Amino acid sequence: MKAAFISNAEVFFHVYHDLPELDYEGEELPDKHAAWKEATVMAGQTLQGLDGKLTPGREWRMEVTDEFANPLYVLPIITSILDKGGLTPAQKDNFIEAAKTRIPLGRTGTAAEVAAAALYLAADATYTTGAELFVDGGLIDL
């Protein structure tokens, strides 16, 4: 059952990473669209601050709830799929180094770069429809 959104309801943004950061004050927003936009802006800003600190195998997530603790949105980020592939640390390092040679920018992307792209699509791309944004250092263009 989906939670109904009450106009001008309190919305709470809880962040879970090293230690949970629970929102006890909330923010009054007019509708679910405004709650989504605020969540993406906050997530982008928070992830930019985590750049380099989001360790492999760790999860970061933001849960957006209404005033009755009903979930409206969950924005998860799980780091490094390579850690789940059964590779040794040396194999993983070799894979990453080999991948860098195929990426035109010559490096892997950062969490802040991915967050900025997600933030743009979620909040600023108001006149964009049906677009794909590749955050891959130019790899798709090869």
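For the structure itself, consult the block above.
In this text, all values refer to a predicted model and were calculated from it rather than measured experimentally. (Residues numbered from 1 in each chain as written. Predicted model: local features only at pLDDT ≥ 70, side-chain atom pairs only at ≥ 80, totals over all residues. Heavy atoms only, no water.)

**Student:** What exactly am I supposed to notice about the nonpolar core here?
**Tutor:** What tends to happen in soluble globular proteins is that the nonpolar side chains get buried as a cluster. Core analysis: the biggest nonpolar cluster contains 14 residues, and V11, F13, M62, V64 and L75 have the highest contact counts within it. Secondary-structure elements contributing two or more residues to this core are strand 1 (9-16), helix 1 (32-50), strand 3 (59-66) and strand 4 (71-78). Per element, the largest residue contribution to this core is four residues, and it comes from helix 1. (Core = buried A, V, L, I, M, F, W, Y, C linked by side-chain atoms within 4.5 Å. Buried < 20%, exposed > 50% of the residue type's maximum accessible area, 1.4 Å probe, protein only. Helix = DSSP H or I, 4+ residues; strand = E, 2+ residues; numbered from the N terminus.)

**Student:** Looking at this model, I keep getting lost on unusual backbone geometry. Mind explaining?
**Tutor:** Residues other than glycine predominantly adopt negative phi, and peptide bonds predominantly adopt the trans conformation. Positive phi values are uncommon outside glycine, yet A69 reaches one of about 70 degrees. Here A69 shows up in the loop between strand 3 and strand 4.

**Student:** Just to check I follow, could you spell out the pattern of salt bridges for this structure?
**Tutor:** A side chain of one charge can pair with a side chain of the opposite charge if their charged atoms are brought near each other. In total, this model carries three salt bridges according to the counting rule given. The partner of R61 in a salt bridge is E63, with the nearest N and O atoms 2.8 Å apart. For R61, a relative accessible area of 23% translates into the label partly exposed. Accessibility expressed as a relative area gives 21% for E63, which makes it partly exposed. For R107, the salt bridge identified is with E113, shortest N-O distance 2.6 Å. (Salt bridge = Lys/Arg side-chain N within 4 Å of Asp/Glu carboxyl O.)

Fair warning: the whole summary comes from geometry, so function is off the table for now.
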